Structure formats: C-alpha cells, structure tokens
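Summary of the model geometry
These are the residues of each chain, in order.
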Amino acid sequence: MNTLANLYFETRNSAAIEPLYRRALVVEPENGILFANLAGVLGDQGKFAVADSLVRVMKGRKIPFPIDRVETDLLYQRGEIDAAFDQQ
C-alpha cells in the first residue's frame, strides 16, 4: 500500500494517497515511515491540524522515527521557513 501511495504521489493523485497510507497504518500501526508519509500528504493538502494531531500520536506512542524531521517538514510546508531551519 505504501508503494502504491508513493506512485500516486508521483502523479499528484492526492485523493487516492491519504486512504492508502491510512490503510497501511492499520496493517502496520508502528511503522514510522507510514506515519511520516501520511503527515507529509496531509501537509501537502493543507490539513495541518490533522497532521499536527498525527505527530502528537507518533510522540505519544513513541513511534520509532525521527519525529523532528516530520515537524520540520510541516513547518516548511506551512511556509514557516525560518522556524523550519531553526528546528534543525
């Protein structure tokens, strides 16, 4: 599902991407890559509140992934370039 979602990402078929990542997380609920991919897609769609909620879930469940990278990507997507660079 992750690979298919990545292919849809390349064609900018955002309607198909988010459900695939969500389904993949049902199968692998501790997969940090899937969480990060979903957060990135949500940010691309401007769904920052949902993406922020997803980051909180990652932190709360201690998902093994560099969460600071996800947060930096979301800051960049919001246009908060200075904050994104400060976070690094």
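Because the structure is predicted, anything quoted here is derived from the model rather than measured. (Residues numbered from 1 in each chain as written. Predicted model: local features only at pLDDT ≥ 70, side-chain atom pairs only at ≥ 80, totals over all residues. Heavy atoms only, no water.)

Once that is clear, we can look at the packing of helix 2 (residues 14-27) against helix 3 (residues 32-44). One way to put it is that helix 2 packs onto helix 3 with a least axis distance of 9 Å and a crossing angle of 155°. Here helix 2 is positioned roughly antiparallel relative to helix 3, judged by the angle of their axes. Pair helix 2 / helix 3 crosses with left-handed handedness. For the pair helix 2 and helix 3, the contacting residues are Ile17, Glu18, Tyr21, Arg22, Ala24 and Leu25 in the first and Leu34, Phe35, Asn37, Leu38, Val41 and Leu42 in the second. Its residues assigned to classes, the contact of helix 2 with helix 3 shows nine nonpolar, one polar and two charged. (Axes fitted to C-alpha atoms, helices over the stretch in contact; angles between N-to-C directions. Helix = DSSP H or I, 4+ residues; strand = E, 2+ residues; numbered from the N terminus. Parallel < 35°, antiparallel > 145°, perpendicular 65-115°, else oblique. Left-handed = near helix turned anticlockwise from the far one by under 90°. Contact = heavy atoms within 4.5 Å. Nonpolar A, V, L, I, M, F, W, Y, C, P; charged D, E, K, R; others polar.)

The next thing to look at is the pattern of salt bridges. Following the criterion strictly, the structure yields six salt bridges and no others. In this structure, the salt-bridge partner of Arg78 is Asp52, at a minimum N-O distance of 2.4 Å. One end of the pair, Arg78, is in helix 5 (residues 67-78); the other, Asp52, is in helix 4 (residues 48-60), and 26 residues separate them in sequence. With a relative accessible area of 26%, Asp52 lands in the partly exposed category. Notably, a salt bridge pairs Arg69 with Asp73, separated by 3.8 Å at the nearest N-O pair. (Salt bridge = Lys/Arg side-chain N within 4 Å of Asp/Glu carboxyl O. Buried < 20%, exposed > 50% of the residue type's maximum accessible area, 1.4 Å probe, protein only.)

Now for the nonpolar core. Counting 22 residues, the largest nonpolar core has Tyr21, Phe35, Leu38, Leu54, Met58, Phe65 and Val70 as the members making the most contacts within it. Elements represented by at least two residues in this core include exactly helix 2, helix 3, helix 4 and helix 5. For Phe65, the contacting residues outside a window of four places in its chain are Gly32, Ile33, Ala36, Met58 and Val70. (Core = buried A, V, L, I, M, F, W, Y, C linked by side-chain atoms within 4.5 Å.)

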